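Summary of the model geometry
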Amino acid sequence: MDSRLPESLASRCQWIVPPAGTATPGSGQSRHAEHADGEFVLYWMHNGLRTHDNPALDVAISWARQNGLPLLVYHGLSEKYPFASDRHHAFIMQAAREVQRELADLGISYAFHLERPGHRGPHLRDLTRRAAVLVTELMPLPPLTCWLERLQSLTSTPIVTVDTSCLLPESHLNDIERSVNFDVFSRPSAYQKATASAYAEILQQPYPQLIDDPAAPLGSLRYDGPLQFQPIDLQDLSIAEAIRSCQIDHTIAPVSDTRGGSRPGYQRWEHFLGESLARYATRRTNAADPHGVSRLSAYLHYGMISPWRIARKAAELSTSSDPVAANKFLYEFLVWREMSFHFCGRHVERLDSLSALPQWAQETLIQHAGDPRERTFAWETLARAKTHEPFWNAAQRSLIKHGELHNNARMTWGKAFLAMTDTPERALHHCIDLNHRYALDGRSPSSYGGILWCFGQFDRPHEPETPIFGAIRPRSVTQHAARIDEEAYGLWVDRPIALSPPRIAIIGAGIAGLVAGRTWADHGLDVCLFEKSRGPGGRLATRRGDGSLQFDHGAQYFTIRNDVFARHVRSWMDMGLVQPWMGRIVALSDAGKSIEPKRGTARYVGIPGNNAIAKHLAEDLEIVTQTRVAQLQRDGGRWKLRDDDDGLLGTFDVVVVNAPPPQASDLLRDHVAWANRIDQVHMSPCWSVMLQADGVNELPYEGAFINEGPLSWIARNDTKPGRVAPGDAKLESSDRANWMLHASAEWTIEHLQRPPETVGPLLVDAFAKATGASIGTIRHCVAHRWRYSVADNPLDDGCLWDPALGLGACGDWCAGSRVEGAFVSGTAMAGALLRHITIDRAPGRVDAKPLASMTS
């Protein structure tokens, strides 16, 4: 393959796998590709989402022309990238739509693939194997570095990365480092000193535009051959509907006033250029003055705007009569941003650990790791901005609601983790997690640079040492708050996430409704839940008996499969709300003579009862209990909720029904299509019995599935963690065991209408027969009927959502009959509404067609 390039492009290339016969001085590569002629030049686009000033695209075009090959641009959006969410997906897809249109105008083939159920596969690997060469952008961060390593091991294709992010490429920086005798990454001033003349030279040169060759116009490079997947036509696609099908985090809303793409990116730049750049030097540190900074970092992160255009325009202004502001902007834009990028390239395998920091910073953090903290917080408390520091909470709300954080506020926000978590390792982990999860510029080298600075990188030891921070430069949250107009900052942070935020009613305070309501409330929406019972919880019910008796008479435990649910459960464990249940679980048959261990599944319970989780989720939410919603009335585009006496409960823009299918169907009867679907879901009932007796405390297991007879499950409730109060000697020495009995669906249906007082003795007898145990004296025996216990055939849709009516439905019958299924349904419901108000109803919306009509 002919791999010649002009120097302006060659200096930006780093061969991962060079083609055979290619000289690659300093590349460190030992293997050259012995690869058969390919069908096309493949450009894998991921962090250079623009068609102008794009060196990777220019390299791909040059090689396609030189080798007489067509050019294919592949852009795949994976469900598996770290922190994948509706926010990042929407931003990327909005930009991809613009790229697709512009490449079509140029005559270049562009294949966009959205990973989702039914549309997964190793498409990049397969295309790479067919390509003559793979060209992609240099992005020195996982998972991209890991994906490249995997491609290298699975294919024989030459692979090259091209720096599309920095004005100063890595090869030039290497030359500079060899000419100086100091560490250019020790501090920004050192990097600036080493690179000043190089940047001055680069800024005087225009970007080397690739001129269309009349003998080989770009249209002649078009690839029209077969693909192993159906690329998506993004034009007029309903991005909100497309994202719904992806298995990603739906609890983080797209940002309505930061749309992806080059055009909105340059619109923001032009506004900053005309209104704010002249005062940048004096305004940039004031977090209460958000327009004092450019707010371009998200667009630069994904390569939607050209750093050459931004830097050269600022350089032009730096020669004016008032160059201070422009020079300060260039210092931040070039020195801090590009220093962070190159630093990440040198330390890519250590960026998430303290080992990325200078030795002095690691040592001082370890020395002060045991210093007492005033208060520490679990991940979820931090993520929801519920700490004792108002200014820190406001900064975190800026991330939650708008996906951005003023850089000066981020410095204080980031350093505060050391004092608000119990170890420096956890502080760094939570800081990276919350920044990358919520910020549109998260997962970028610039983000890593800013975060690591908070822990001592690019800085010097600070004297005198202080508690917790040691020699790390401290930064007081309280003092920062005192320096700014907190009210103005709060007004900016808490601005609505959409033009017309809806007022939302949720009917039913089970897990799905609580998760959806809490997610919306954290995004600043007005939510009210109506619950017919005395409290929230649904299937996570806990019933108390005489004295200290308590029983989990609904769900007995829960398991974890979903990543979002797992993240919350880990935090609940840190908060003492959840513990693993390590009791022995078996399967019984033949009257307890055959015992089969049931291993391999981790089971968790709430502390001190399963309803503790529901109570926790209900905190901060407006819940109207002991109120039954009997009717929904459509009135002037809004919904009126009425009770059994026809009393008005309120008027809302959006109503979500979180109730068992028969009850949901009754409320949604006018929505014929939904009612018909809901009616197809069959819910099995379950009789449960709460039993305390003297003679069943010696069984060799704590829970059992029963394969025959009236019972399907038994569990010794008092063996679950947290069920006996610590230090309660009377309870701890008691010989009375507390058992929870669940009847089979078949038996329950047969005895559905029996009075509870007759059901208890029948199931206690079945318990004795199933276990072979002598029950002894019965101290407590109460039966409870769950009329709607388990969905035999859940919809597997996550939720139902009609944006035209502002009507939704959720529950475990939508996503699987487990506690986790209810949680997942709640997140799906939350995401559906958040996408609707931030994408579908955002200014300049162009979404229209569903995903099914957008493949070709």
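Residues numbered from 1 in each chain as written. Predicted model: local features only at pLDDT ≥ 70, side-chain atom pairs only at ≥ 80, totals over all residues. Heavy atoms only, no water.

Moving on to the sheet that holds strand S20 (residues 683-693). Each strand in a sheet pairs with its neighbour through backbone hydrogen bonds, running either in the same direction (parallel) or in the opposite one (antiparallel). Strand order across the open sheet formed by 7 strands is S13-S12-S21-S22-S23-S20-S24, with mixed pairing between neighbours. Strands with a single pairing partner mark the edges of an open sheet, and in this sheet they are strand S13 (594-597) and strand S24 (778-791). For this sheet, the mean inter-axis angle between neighbouring strands, taken without regard to orientation, is 20°. By the bridge criterion, 4 bridges tie strand S12 (residues 585-589) to S13 in an arrangement that is antiparallel. Residue pairing across strands places Ser589 opposite Ser594, the latter belonging to S13. Sitting on the sheet, helix H30 (residues 756-771) touches S12, S20, strand S21 (703-706), strand S22 (711-716), strand S23 (737-743) and S24, and the angle it makes with S20 is about 75°. (Pairing = 2+ DSSP bridges. Helix = DSSP H or I, 4+ residues; strand = E, 2+ residues; numbered from the N terminus. Axes fitted to C-alpha atoms, helices over the stretch in contact; angles between N-to-C directions. Contact = heavy atoms within 4.5 Å.)

Membership of the largest hydrophobic core comes to 168 residues, with the highest contact counts inside it found for Leu71, Met93, Val135, Phe455 and Tyr489. Take this core: its biggest share by element is 12 residues, from helix H13 (residues 324-346). Of all hydrophobic cores here, the second largest spans 46 residues; its members include Ile497, Val656, Cys810 and Val819. (Core = buried A, V, L, I, M, F, W, Y, C linked by side-chain atoms within 4.5 Å. Buried < 20%, exposed > 50% of the residue type's maximum accessible area, 1.4 Å probe, protein only.)

Where helix H7 (residues 188-203) meets H13, the axes come as close as 10 Å, and the angle between the chain directions of the two elements is 110°. In terms of orientation, H7 lies roughly perpendicular with respect to H13. Crossing handedness for the pair H7 and H13: right-handed. Every residue of H13 that contacts H7 at Pro188, Ser189, Tyr191, Gln192, Tyr199 and Leu203 is listed here: Tyr331, Leu334, Val335, Trp336, Glu338, Met339 and His342. (Parallel < 35°, antiparallel > 145°, perpendicular 65-115°, else oblique. Left-handed = near helix turned anticlockwise from the far one by under 90°.)

With that out of the way, let us pick up empty space enclosed by the protein. Evaluation of the coordinates by the stated rule reveals 2 cavities of 30 Å³ or more. The volume enclosed by the largest cavity comes to roughly 250 Å³. Together, 18 residues line the largest cavity, and Thr251, Tyr438, Thr519, Asp522 and His568 are the ones closest to its centre. Among the secondary structure elements, those contributing two or more residues to the lining of the largest cavity are helix H15 (379-383), helix H23 (511-522) and helix H24 (563-574). (1 Å grid on protein atoms, 1.4 Å probe; cavity = no way out; pocket = protein on both sides within 12 Å on 5 of 7 lines; lining within 4 Å. Points joined across faces, edges and corners; volume = space filled by probe spheres on them.)

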